[in-house]
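An overview of the molecular structure
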There are 2 protein chains.
Amino acid sequence: MDITPDSHSRDGRGTSKIADGEASDLPDLQPSHLLAFALITELGSVSLAARRLHVVQAAVSAQLRRLREAVGDPLCRFEQGHLHLTPAGEELRKHALRVSEGVAAAREFARRLQRRIEGRLRIALTVTIGSYYLPCPLVAFQDRYPGIRVEMETGSSREIVGRAEDFDLVFVEEPLEGSAPPDYVRTPWIREEILLVVQRKSRLARDFPAGVALRHLQGEKVLWREADSGVRRAVERAFGTLRIEPPGHTELPSAQGLIEAARAGLGIGFVAASVLSGEDPELAALRINPPEGLWWRLAILAPPPAQRSAAAAAFLDQLQQSSDPMAHGDVPV
Amino acid sequence: MDITPDSHSRDGRGTSKIADGEASDLPDLQPSHLLAFALITELGSVSLAARRLHVVQAAVSAQLRRLREAVGDPLCRFEQGHLHLTPAGEELRKHALRVSEGVAAAREFARRLQRRIEGRLRIALTVTIGSYYLPCPLVAFQDRYPGIRVEMETGSSREIVGRAEDFDLVFVEEPLEGSAPPDYVRTPWIREEILLVVQRKSRLARDFPAGVALRHLQGEKVLWREADSGVRRAVERAFGTLRIEPPGHTELPSAQGLIEAARAGLGIGFVAASVLSGEDPELAALRINPPEGLWWRLAILAPPPAQRSAAAAAFLDQLQQSSDPMAHGDVPV
DNA sequence: CACGCTTACGGGGGTCGTAACAATG
DNA sequence: CATTGTTACGACCCCCGTAAGCGTG
């Protein structure tokens, strides 16, 4: 036999004397009444407490009466304009103060959360994003909200997408690997072109000044970044659709190193557009697969707006604000 | 200019954003929601919390939602049948637990008060009452309610009546001296006859076997108890109305001593009826002012029933129960 | 008589219960 | 399919605000 709770008790919030021998028709002790009582004892006056609670005297007076009824003992007395607590009131005051402080702390905590004074932001990202794109907005965010603790975790795209529930925001490279939780939303973040870097004097630069299709690169010596590089994986994926497998030649630990190697004629390389600053007299940056180009897209995976933490919402806001100015710029590796 | 609190705000208990820059239309954080949240986190389930709160799931679910809205951050998530708290939820849980414990303590305190497991009983009384009439019912009371701390204070009738507000019960001898607070109620307690003790062979015993009027005692040698004796004051008061002042002769420190002195023929004495146990071959106990006799009345001054502490009510109950059986009996001085 | 606490009374909104839906194992 | 959590909706009652009463300095 399962208890359908108070099925036939219309008494919404009342005596609550289920399976309780207590035949007392007393109203049960409400936390809010304790709050009022704590304030009354602190201020020594019902009217002052009412003022601070933004209600009229009569309301607080009624709360005090209900608390007294719930306790069953008189709690205080007003004589010669001053408040006097009975022993029971004195004792109850301690509990009321404890409750009051707890609620005040909770409210203060909520307030700090809302004002972004406090909070935690758990983000997951790939090493590439963590190295190139996130540091700048992150320091800006921390500068703006110094109280928010940011906890980062890096992992493969598939891994962090699978554990998306554990994070406020997940920064991934597209196309998404793995499956995100059902109602998560994908927000486009950065869309950047991947360019081919070759010597100006090379055959490719001469033959394809307006851009080169990937299939023309077969047999070229390619300067790769390390295996988990985001750009490398994007290019490899593009090659994969063509079933072309360009032989790896050299692995460079940084984009800058790759550029230098390309300048020296050691091979061709793929870099994100933002890495190339200004014109280079010796190097050409060619569009890939013209006219659309090969684009590298970064996206943010987030819970639906209603389920976002304030910190996450603030960070997303900031990213969206500064996504046009492209403030993330070129960060040295 | 005084603030009439929310005069034109019909919003009974709502956003409460008076003079608060916060333009957030969030509901404010209710203590009861914290209680529900604490229970949810403790039990790890909304339905279990609902069971224990004697409400349906939906109600608790709604409370959880309102708390989340009030905080502005998601608090928990339900995945694979288990509860997972977000960082904000984890933090809020601490405050919620504190509040929950405080409220539980307050409720437990109220319960103990109602069951008379705990409490304080502050009583005021005259030394006479404290010596003769109160000890017996008091030990019975303490035996029945061992958890209730009894605090006694003795003083003159006028003094303790004046400070009646400081006590749960005031035991006085009538007629009352001084003025009690306006709405205090007087409960008759003990009504006992004061008898005149004389030698059987004395003239008084011979002339007035059915009782003697006070005016016939003029010139007698009176054996008094000490000045603050209740019986002595009662008799003196009776004498006072007649404007007779019987010369004091001897002061005895105890009722028993007074009786012995009377037996020895040292004078006549006044004692409460209960002090005389059984017949005495040498002594006669004469009614005073027949046929009504001279009565000594004890009364209890108490706040109106609604303002009585549970302990006071219990003690009064017990006294009323055992007032007929006269269980207070004769207590040796 | 100003001030503070209490009581009585009417109205609005919060909260409960019912019911239907979605997700999970 | 049983269990659990959520949403929608209607009804009830708590609580607030207004107003009057009352005691006190």
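Residues numbered from 1 in each chain as written. Chains lettered and ligands numbered in written order. Predicted model: local features only at pLDDT ≥ 70, side-chain atom pairs only at ≥ 80, totals over all residues. Heavy atoms only, no water.

Where an unreviewed UniProt entry is consulted, chain A appears under the name HTH-type transcriptional activator CmpR, with the organism given as Methylacidimicrobium tartarophylax. Per UniProt, the comment on chain A under Sequence similarities (unreviewed entry) is "Belongs to the LysR transcriptional regulatory family." (UniProt positions renumbered as here; feature names shortened; annotations may be inferred.)

Our focus in this paragraph is the interface of chain B and chain A. Tallying the contact residues gives 49 residues for chain B and 49 residues for chain A. Summing both partners gives a buried area of about 4,400 Å² for chain B against chain A, and 59% of it is carried by carbon and sulfur. Our count for the chain B to chain A interface comes out at four salt bridges. For Arg98 of chain A, the salt bridge goes to Glu101 of chain B, with nearest N and O atoms at 3.5 Å. The leading source of residues in the side of chain B that touches chain A is helix H4 (residues 87-114) of chain B, at 17 residues. Taken together, the residues that form the side of chain B that touches chain A break down as 24 nonpolar, eight polar and 17 charged. (Contact = heavy atoms within 4.5 Å. Buried area = accessible area lost by both parts, 1.4 Å probe. Salt bridge = Lys/Arg side-chain N within 4 Å of Asp/Glu carboxyl O. Helix = DSSP H or I, 4+ residues; strand = E, 2+ residues; numbered from the N terminus. Nonpolar A, V, L, I, M, F, W, Y, C, P; charged D, E, K, R; others polar.)

Here the focus is the relation of the copies chain B and chain A. What relates the two chain copies is a rotation about an axis together with a slide along it. Turning chain B through 180° and shifting it by 0.0 Å along the axis lays it on chain A, with an RMSD of 0.2 Å. Taken together, the rotation and translation describe the operation of a two-fold axis. Taking C-alpha positions as the reference, the residue of chain B nearest the rotation axis is Val99 of chain B, at 2.4 Å. Comparing interface residues between copies, 98% of those in chain B also sit at the interface in chain A, which points to an isologous, same-surface contact. (Least-squares fit on C-alpha atoms with pLDDT ≥ 70 in both.)

A word on the packing of aromatic side chains. Evaluated as defined, the whole model comprises 16 aromatic pairs over all chains. With 4.8 Å between their ring centres and 50° between their planes, Phe141 of chain A and Phe315 of chain A make a pair best called tilted. Here Phe315 of chain A lies in helix H11 (residues 310-321) and Phe141 of chain A lies in helix H6 (residues 135-144), a separation of 174 residues in the sequence. The burial state of Phe141 of chain A is the same as that of Phe315 of chain A; both residues are buried. Residues Trp224 of chain B and Phe270 of chain B carry aromatic rings whose centres are separated by 5.8 Å and whose planes lie at 25° to one another, so their mutual orientation is stacked. Residue Trp224 of chain B is found in strand E7 (residues 222-225), and its partner Phe270 of chain B is found in strand E9 (residues 268-272); the two are separated by 46 residues along the sequence. By the burial criterion, Trp224 of chain B is buried, and Phe270 of chain B matches it. What links up through ring pairs into an aromatic cluster is the set Phe141, Tyr145, Phe171, Trp189 and Phe315 of chain A. (Phe/Tyr/Trp six-rings, centres within 6.5 Å; stacked < 30°, edge-to-face > 60°. Buried < 20%, exposed > 50% of the residue type's maximum accessible area, 1.4 Å probe, protein only.)

All names here are of chain B. Considering all chains together, one arrives at one cavity of 30 Å³ or more under this definition. The volume enclosed by the largest cavity comes to roughly 100 Å³. Lining of the largest cavity is provided by 13 residues; of these, Tyr132, Arg225, Val231, Ala272 and Val275 occupy positions nearest its centre. Among the elements of the structure, helix H5 (127-132), helix H9 (230-242) and E9 are those that each provide at least two residues to the lining of the largest cavity. (1 Å grid on protein atoms, 1.4 Å probe; cavity = no way out; pocket = protein on both sides within 12 Å on 5 of 7 lines; lining within 4 Å. Points joined across faces, edges and corners; volume = space filled by probe spheres on them.)

What follows is about the domain arrangement of chain A. Residues and elements named next belong to chain A. Under the domain assignment used here, chain A contains domain 1 (31-115), domain 2 (119-190 + 297-328) and domain 3 (191-296). When each unit is reduced to the centre of its C-alpha atoms, the spacing between domain 2 and domain 3 is 28 Å. Buried surface at the junction of domain 2 and domain 3, summed over both partners, amounts to about 1,100 Å²; 47% is from carbon and sulfur atoms. A per-residue breakdown of the area domain 2 buries against domain 3 is headed by Tyr132, Tyr133 and Arg297, which together make up 40% of the total. The tally of links from domain 2 across to domain 3 stands at one salt bridge. Between Arg233 and Glu173 there is a salt bridge, with the nearest N and O atoms lying 3.3 Å from each other. Here domain 2 and domain 3 share three residue pairs in polar contact (both at pLDDT 80 or more) between them. Broken down by secondary-structure element, the contributors of at least two residues to the side of domain 2 that touches domain 3 are helix H5 (127-132), strand E6 (185-199) and strand E11 (294-302). Per element, the largest residue contribution to the side of domain 2 that touches domain 3 is three residues, and it comes from H5. (Domains from an automatic or database assignment. Polar contact = N/O pair within 3.5 Å; in protein donor to acceptor, adjacent residues only side chain to side chain.)

What follows deals with the pairing of strand E9 (residues 268-272) of chain A. Residues and elements named next belong to chain A. The element E9 is extensively covered by neighbouring structure, given that five of its five residues are classed as buried. Alternating positions in E9 separate into two faces, Ile268, Phe270 and Ala272 on one and Gly269 and Val271 on the other, with burial throughout. When E6 meets E9, the two strands line up antiparallel, connected through four bridges. Bridge assignment links Val197 to a residue of E9, and that residue is Gly269. With two bridges joining them, strand E7 (residues 222-225) and E9 adopt parallel strand pairing. Of the residues in E9, the one forming a bridge with Leu223 is Gly269. (Pairing = 2+ DSSP bridges.)

Residue and element names in this part refer to chain A. Orientation of helix H1 (residues 31-43) relative to helix H3 (residues 57-71), taken along the N-to-C sense of each, is 110°, at an axis distance of 9 Å. In terms of their interaxial angle, H1 and H3 are classed as roughly perpendicular. Judged by the sense of rotation from one axis to the other, the crossing of H1 with H3 is left-handed. Together, Ser32, His33, Leu34, Ala36, Phe37 and Ile40 of H1 and Val60, Gln63, Leu64, Arg66 and Leu67 of H3 make up the contact between the two elements. (Axes fitted to C-alpha atoms, helices over the stretch in contact; angles between N-to-C directions. Parallel < 35°, antiparallel > 145°, perpendicular 65-115°, else oblique. Left-handed = near helix turned anticlockwise from the far one by under 90°.)

All names here are of chain A. Looking at chain A, pLDDT values average 85 and 88% of them are 70 or higher. When mean pLDDT is compared element by element in chain A, H1 scores highest at 96, while strand E8 (residues 248-252) scores lowest at 81. Here residues 1-23 is modelled with pLDDT under 50, and outside its nearest four sequence neighbours on either side it reaches 18 contacts, counting other chains as well. (pLDDT = per-residue confidence, 0-100.)

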